[in-house]
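Chain by chain, the residues run as shown.
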Amino acid sequence: MLPKKNRLVTRGDFKGVFRGGLRARSGPFQLMCQKNKTNNARFGFIVPLSVSKKAVRRNKLRRQMHEFIRMMIFQKISGYDCVIRAYPGADELQYDEMGQYIMEMIKKAGIL
RNA sequence: UGUAUAUGCCGGGUAGUUGCCCCCGCUAAGGCGGGGGAGGAAAGUCCGGGCACCCUCUCUGCCAACAUCUACAAAUCUGUGGCAGAGCAGAAGAAGAUAGUGGUUAACGACCACCCCCCGCAGCCACGGGGCGAGACAGUACCACAGAAACAAAACAGCCAAUCAUCAUCAGCCCUGAGUAUAAAGCUUGGAGCAAUGAAAGAGGUAAUGGUGAAAAGAGUGAGGUAAAAGCUCACAGGCGUUAUUGGCAACAAUAACGUGAGGGAAACACUUAUCUGGUGCAACUUCCAAUUUUGUCCACCGCAAGUGAAUACAAAUCGGUGGCAAAACGAGAGGGCUUGAUUCCGGCAGUGAUGUCGGAACUAGACAGAUAACUACCACCCCCCGCCUCGGUGGGGGAUACAGAACCCGGCUUACAGGCAUAUAUAAAAA
RNA sequence: GGCCCUAUCGUCUAGUGGCCUAGGACGCAUGGUUCUCAUCCAUGUAACCGGGGUUCGAAUCCCCGUGGGGCCG
């Protein structure tokens, strides 16, 4: 998991990112980004009920996304608020496949 | 030993790397060190309780204003109102719930023990399974189709000639008209009545019989009885009710006596009886407070302007506006509620049991876009394939490891669940 | 977290315990009409969410699940 200061917390934080405009999509994921005024990068993850009806699967997918961001690219990004949303089909992917899709989105968005 | 069912229990382990949440200690801070970190169902939300607030009522205390009475006045008392606290307090209801008995419990529709009924099963032994298991001689409705008829008695078909009414026969009895004959009797013929025989189902009797149907006035068998019949009567067997005795805390069971002849369903009803229930739910409730709104005998500035002044101008009050301050409302966000509790474990005692009680020990998640994880290796267990040998061991490779994630907390119920352990029962094979 | 509602052919729906072997509309299929298509006509197709129970009998009544939908501060 990411430290608490690197997470998006309130409803207002998420609404701000939705209006940010910078978006990219790859496979069953969508990335939305907005610049913030700090040096921190903050991340939020959305796994709607339509991905899986089981709470265990949704929580696991969210944790895996947290883990991938933390391990791979967390140190390289700064000054952005990002939200990653999952769509149906995401719960059937392996950890490596999920990582490839997320990397692709980040390259498309060009925030590295 | 295998398989099946039921019940109870367990629900992978170790190590490494990188991380997350909470608590404690140290530090100026960054951070460092230590400790803890999902379940048997955390799920469904089908029930029950704790706890919190609200409504009503009762009691206690305090408060001030008004009213009334008394009094010179004050105090006190009463009523109304407000605040605080307490309360095994919750009338009523065409509202809701429960329903065999006894017990357990904080409480329950849960649990335990027993009773009764149904099924497995030929069976009121036993065993296993199931049961919303009070009342259908208070009321309102319902019982399709078929059938004579579906619950109230009747109608219909059928049966019956004992009775009444009718018809026929008549060589019996009796009365009588006419004819003939006569002393009378007699003979011939007609009529009414009685009896007998027969016909006929109009009145009447009968409900046992009636291709149906889930169910047919619901008491079976045998005998008597009758015109034909029927619990109409009797014997035996059985049902139901009341009473008594015995056993049991009780439901109830057994026996005896007396009585009795009743269709079904209340998981049909805003039906009855008995008992119980105030409402809402931690998104309860509460504290802080950004922005916003409203208010102000408050402060500052601006506008209008009585007025002042020769004049540029100055200018009180009122009213309007802006800002500040204060108060209230609202509710983005933050804090509390939030984990020591009908708690967990061990042991003793009581009880058939659910459970209770006594003693000792322990502290065991508190998140809030929501921590408890990700990856790797090895081991354990199960399955498959290949190789080796001492034939049940060993080596290698591959696969599988469930259901599922706390959100105020407990007690149940229900549903999901790879694999494993224990016990009981049934069954199959082998051995003795 | 808490509290509610609902489920019938492919779709929208009707359905007082028995006339339900579940009706209607739109679809879909086949045939007819037309030179052809559409329209129209005829015939067919296809459903009571699952499991127990009550009852002689259940889509309907009762219980337990499953799926779908809604509300709150």
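Residues numbered from 1 in each chain as written. Chains lettered and ligands numbered in written order. Predicted model: local features only at pLDDT ≥ 70, side-chain atom pairs only at ≥ 80, totals over all residues. Heavy atoms only, no water.

Asker: How do you make sense of the protein's contact with RNA strand B when you look at a structure like this?
Answerer: In the vicinity of RNA strand B, 20 residues are found, and the nearest of them are M1, K4, L8, R62 and R70. Counting only the atoms of RNA strand B that lie within 4 Å of the protein, the sugar and phosphate share comes to 76%. In this structure, K60 approaches RNA strand B through a side-chain N or O atom, which is 3.4 Å from a phosphate oxygen. The side chain of R70 places a nitrogen or oxygen atom 2.7 Å from a sugar or linking oxygen of RNA strand B. Grouping the constituent residues of the surface near RNA strand B by class yields 10 nonpolar, 2 polar and 8 charged. (Near = heavy atom within 4 Å. Polar contact = N/O pair within 3.5 Å; in protein donor to acceptor, adjacent residues only side chain to side chain. Nonpolar A, V, L, I, M, F, W, Y, C, P; charged D, E, K, R; others polar.)

Asker: Looking at this structure, how should I read the pattern of salt bridges?
Answerer: Proximity of charged atoms lets side chains of opposite charge pair with each other. In the structure shown here, the tally under the stated rule is 2 salt bridges. A salt bridge links R42 to D81, with the shortest nitrogen-to-oxygen separation between them at 3.2 Å. Here the residue R42 occupies a position in strand 3 (residues 42-46), and D81 occupies one in strand 4 (residues 80-86), the gap between them amounting to 39 residues. Taking the relative accessible area as the measure of exposure, R42 reaches 22% and is therefore partly exposed. Given the relative accessible area of 5%, D81 is considered buried. A salt bridge links E67 to R70; the nearest nitrogen and oxygen atoms lie 2.6 Å apart. Within this pair, E67 and its partner R70 are both found in helix 2 (residues 55-72), separated by 3 residues, close to a single helical turn. Classification of E67 by relative accessible area gives partly exposed; the value is 26%. (Salt bridge = Lys/Arg side-chain N within 4 Å of Asp/Glu carboxyl O. Helix = DSSP H or I, 4+ residues; strand = E, 2+ residues; numbered from the N terminus. Buried < 20%, exposed > 50% of the residue type's maximum accessible area, 1.4 Å probe, protein only.)

Asker: How should I be thinking about a nonpolar patch on the surface in this particular structure?
Answerer: Taken together, M71, M72 and Y95 make up a surface patch of nonpolar side chains, about 280 Å² in accessible area. Relative to the elements of secondary structure, M72 occurs in helix 2. (Patch = residues over 30% accessible without salt bridge, like charges linked within 9 Å, V, L, I, M, F, W, Y side chains within 5 Å. Areas by Shrake-Rupley, 256 points an atom, 1.4 Å probe, with all protein chains shown as cover.)

Purely geometric numbers; function is a separate question.
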